[in-house]
Amino acid sequence: MADPNQRREIIYYAIYYTPTVGLVVIDGIRDLMHDIDDSTEITKLVGDLMQWTSEQNIHAIVTVGVFYSIPSKTPATGAMRPAHAIAS
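As a starting point, this report considers the structure included with it.

What counts as what
Residues numbered from 1 in each chain as written. Predicted model: local features only at pLDDT ≥ 70, side-chain atom pairs only at ≥ 80, totals over all residues. Heavy atoms only, no water. Helix = DSSP H or I, 4+ residues; strand = E, 2+ residues; numbered from the N terminus. Buried < 20%, exposed > 50% of the residue type's maximum accessible area, 1.4 Å probe, protein only. Lys, Arg positive; Asp, Glu negative; His and termini not counted. Salt bridge = Lys/Arg side-chain N within 4 Å of Asp/Glu carboxyl O. Contact = heavy atoms within 4.5 Å. Expected span 1.5 Å × (residues − 1). Arc of directions from axis to C-beta. Polar contact = N/O pair within 3.5 Å; in protein donor to acceptor, adjacent residues only side chain to side chain.

### Examining the side chain of Glu41
Tracing the sequence through the fold places Glu41 in helix H2 (residues 39-56). This buried residue, Glu41, is left without a salt bridge; Arg8 holds the nearest opposite charge, at 4.7 Å. Setting aside residues no more than four positions away along its own chain, Glu41 makes contact with Leu32, Met33, His34 and Asp35.

Now the structure itself:
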């Protein structure tokens, strides 16, 4: 399994060096973090995603994931609530 930093580098490379990319789908943003409860790390990740999509003029769809085994625990990523539908 790749380190979260390696995964982020792979995504960065794909976004910046694939000339026809227009949409990026990341299934499981949790895999891009070391600690889901670290708000600083999450802020940095969200900032990276915003920068990449803005600079490359692309869209990104990201899934957060659900922690069924720990129903009472809400990780810091809980601040990024999933949307059931988005129209733009």
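Moving on from the model shown.
### Brief notes about the pattern of salt bridges
All told, the structure shown has two salt bridges when counted by the stated rule. When the shortest N-O distance is used, the salt bridge between Arg8 and Asp48 registers 2.6 Å. Note that Arg8 is positioned in helix H1 (residues 4-17) and Asp48 in helix H2, a separation of 40 residues in sequence. Assigned by exposure class, Arg8 and Asp48 land together as buried.

### Topic: H2
Over its 18 residues, H2 runs 26 Å from end to end, which matches the ideal 26 Å to within 8%, given 1.5 Å per residue. Taken residue by residue, H2 has Glu41, Ile42, Leu45, Asp48, Leu49, Trp52 and Thr53 as its buried positions. Here the buried residues of H2 occupy an arc of 120° about the axis, which is enough to place them on one side. Looking at H2, the residues exposed on the side facing more than 90 degrees away from the buried face are Thr40, Thr43, Met50 and Ser54. Taken together, the buried residues of H2 touch H1, strand E1 (23-27) and strand E2 (59-63). Between the side-chain oxygen of the N-cap and the backbone nitrogen of Thr40 there are 3.0 Å, and the N-cap of H2 in question is Asp38. Asn57 lies just past H2 and shows a positive phi near 55°.

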